[in-house]
Every structure is written in structure tokens, then in C-alpha cells.
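Architecture at a glance
Residues per chain are reported as follows:
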Amino acid sequence: MPTNNQNNEKPHRRAAHFRAPEEGLQGTNAASPRQSPAAATSRPASRSAATRRAGASAPGSTGAIGGTTSHVSARTAAATRRAGAQGRGRRRGGNGRGTGPKGVTVIVAVLAGVAAFVALFFVLVLPRLTKGPDSGGTQVAAGQEVEVTIPDGSTTAGIASILKDAGVISDTSSFLQEVQKQNVEQKLKSGTYSLLTGSSDANVINQLIAGPNSTASTLQVPEGYTVAQIASLVEEKFGISSSDFIAQAKASNYVADYPFLSEAANDSLEGFLFPKTYDFAGQTVTADSVIRAMLTQYQTEIATLDLDTARQALEARYGTSFTNYDVLTMASIIEKEALTDDDRPLISSVFYNRIAASMPLQSDATLAYTLGREVTADDLTQDDPYNTYTNMGLTPTPICNPGLESLTAAANPQDTSYYYFYITSSVHAFSETYEEHQQIIAQNSGA
């Protein structure tokens, strides 16, 4: 914070402000019941024995024709009786020595029915009970949390196939019918989702309409992080070495595609890696792809500010020349000094007023950038290009990557006569004179 060098006063150090990303919730597991096929039994057909007496004469042989009698020998009659008895036994049922054709047919039919039931159970019933896909995939129990990525440009049928393969839904036809019924084909969003297997079609569709809910492929970069801090985040999230990321993060590697980097000092991308939550679902993540995503976002955000016009207004107000890179550097200092959005345009005015009055910025945050820790009173005399107590004007490069609020404040500072500020977690005070500044410190020494 600014102080008065002539009085050799030690600056009051403001309180630090930290923000942490939210954690996701774990899903729960639930097992699916299994059902065994029922046993089938059959009862053998009843058997009946038939006995009959056979006459000595063949049918129609008794009586006289032309006064003569037809006579059959005893041997022939006995053979006839045996043949007739065997034929009748085979037609009517078993006689204890074998099973007739009709009994065999009944048993075969029963066994075929049992086999068909068992086959249908394993083909149709068991897969549904285990919540696995009907075909072409590994069976997955219901209630398991899975990551599903829907690529850009996916058709509704393609989405249904992805969900079925993951075990999220059990039937593509019913899913497609529900989508058509709700008329939401154009509302389903691509991205990475955390979904439960065995979910209802309606619940899955509602989540696809709401948008990606998985953090598996996201990178959350807070405002005020340095390139080194971003490199550590990338290493933790994607396993990319932080040293490789820092080696890649050079302005010369990207100036051909991003002309605004031509102003960058020390070949540094500090300040240009826009803080935001990025989703890299469906991509091969590299240091280069992360850096390009952040530079593209910076380009998009900065276009809303019209820095060229803002810079000209600053020059007219403060009578000093500025570059767009100066505005970015100012935004980075504001990002580190402010605790609230209301502070930012006021802090911006203090620093611009001091530059116009040829006063040093006297910001602890600038020296902390190179020291990598909080600044002590003894540090303020160090000969360091980022020491804004001993050097006039802005630092050689930005000291962090500022958010849009700080960029806006740097481009459009509030019009004030303030030269000092005193900010803690409970006090946000701005002063025009050093005496007022000292009084505020004395009144809030315990704050």
C-alpha cells in the first residue's frame, strides 16, 4: 500500500484473501437383484395293459359256404392271436417293456419348453437385472458413478449409444422416444458428465439439458494466479510437468497467432493467461493446448474493453503516455491489492494519481512477486526492478494474471483525488493526504 517515503513509515500490510474451488460429490453404489430360473418337472404317461382272447377262427370264418366249412389250423390261430395282442399293446400304451411313440412326444415337448425358458432367461431377463448393456458392452451394476463424454456434434442416436455402452441407460429406443416426446433434441449439450448407471431416461435427459457436471477434465484458474502457480495447477490436474509448462509459456511461441503479445516484456506470458474455468473434455491436453485456450480467452475478454480507446482517455486525464501493456500491468497490481470489487476502481485511481504526481506506487505486492513471500520492512530497501518503493512507475511485467474486474478498473479508474489507501478485512479507507492516512491507521490499528 502506498506510504510516504519522506517519513520512512512502514506500510500496513493488508489481509490476504483466498478462494478455494468446490469439490464434487461422490456417487453411491447399489447392487441389482438376481433371479434364478424355476425348475420344471414332467409326469410320465400312464400305462395300461390289454389282454384279450382270440378265437380259433378268423373273422367271418364260421358258417357254411356252399355246404363246406373254412378251417384254420391251431398253429396259425395261435400266431394270429400273438400278433394281434402285440399290435394293440403298442397302440394303447406301455406294457412295462418300453414307451410308446405318444409318450416320447410328450416328454420331448416338455424338455423343449424348459430349454426355451432357460434360454430366454439368460438372453433377456438376466442382462436387465444386472443393468448391463443389451449387447456389445461390459455389464455394469446399477448405481455406479461413471464419467461420460459427449463429443461436439453428436447426434441424438450417437448420444444414446454412448450412454448405453456406459450402462447409464439400458435401452436406446426408450431413450430416443423420451427425447422426442420432450422435443429437446437441440438442447442436449456436449461435454463430460458424471452420471449414475441405471438412471431413468428422464433424469439423464434433464442433466444433458443442464450441461456438463463433471470436473474430471476442467481446470479452474483463480484470478491473481501467476504463471508459476498455473503451471502447478496444470501438473496436479493433468500430470503435465510444471517445468515443461513454464518452458512452453513464452510469448515468442505464440506472438504469430496472438499479435497483442508483441508488447510482452522478458518473453513472458504473465498477465495474458486469463483466469477462468476451462473444460478440456474430449481433448488431448498439453501445455500448448492449455496456453492457447487461455490466450484465446484473454483476446475475447479484452475485446470488450476497447483498450485503445481506454488508453487514450487515460493519457488525456493524467497527462502521461501509456501502452496497452501498461494497462494490463496496472490491472495485475490492482488484482493483488484489492479485496473487493468496490475497491478496484478506487485503488486504480490512487496508483494513476501517484504516477501523474511522480510518486512511487509503493505496493508491497510488486516486490512479493519476485520474493515469493510476504514483504517485510527490511525488504523495502532491496535493489529489485519490482520494488515500487525504490523505483518509479510500473513494474517491468505484470505480477499476476488479472480477472476482468481488475482489467476494467485499470482501463476505467474512478476519478478521485486519493493518493493513499488502507485496506484490511474490515477496513477499506482512502485518503487524499498522508496525515489523513496516518489517522486512519491509528484509529484502526487493531483492525
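Another point: the packing of aromatic side chains. In the structure shown here, the tally under the stated rule is 14 aromatic pairs. With a centroid separation of 6.3 Å and an interplanar angle of 25 degrees, the aromatic rings of Tyr-278 and Phe-280 are classed as stacked. We note that Tyr-278, like Phe-280, is buried. Between Phe-421 and Phe-430 the ring centres are 6.1 Å apart and the planes differ by 45 degrees, which places this aromatic pair in the tilted class.

Before going further, it helps to spend a moment on the pairing of strand β3 (residues 145–150). Of the two faces of β3, only the one carrying Val-146, Val-148 and Ile-150 is buried; Glu-145, Glu-147 and Thr-149 on the other face are not. Where β3 meets strand β4 (residues 191–196), six bridges bridge the pair, whose relative direction is antiparallel. Residue pairing for β4: Ile-150 is matched across the bridge by Gly-191.

As a further point, take the side chain of Thr-329. Of note, Thr-329 is situated in helix α10 (residues 324–337). Classification of Thr-329 as buried rests on a relative accessible area of 1%. Setting aside residues up to four positions removed in sequence, Thr-329 forms contacts with Leu-394, Thr-395, Thr-397 and Pro-398.

Next up on the list: the environment of Ile-240. Among the structural elements, Ile-240 can be located in the loop between α6 (227–238) and α7 (242–248). When the C-alpha atoms of Ile-240 and Val-285 are compared, they prove to be 8.6 Å apart, with 45 residues separating the residues in sequence. When sequence neighbours within four positions are dropped, the list of residues in contact with Ile-240 reads Val-234, Glu-235, Val-285, Thr-286 and Ala-287.

So, how was this worked out
Residues numbered from 1 in each chain as written. Predicted model: local features only at pLDDT ≥ 70, side-chain atom pairs only at ≥ 80, totals over all residues. Heavy atoms only, no water. Phe/Tyr/Trp six-rings, centres within 6.5 Å; stacked < 30°, edge-to-face > 60°. Buried < 20%, exposed > 50% of the residue type's maximum accessible area, 1.4 Å probe, protein only. Helix = DSSP H or I, 4+ residues; strand = E, 2+ residues; numbered from the N terminus. Pairing = 2+ DSSP bridges. Contact = heavy atoms within 4.5 Å.

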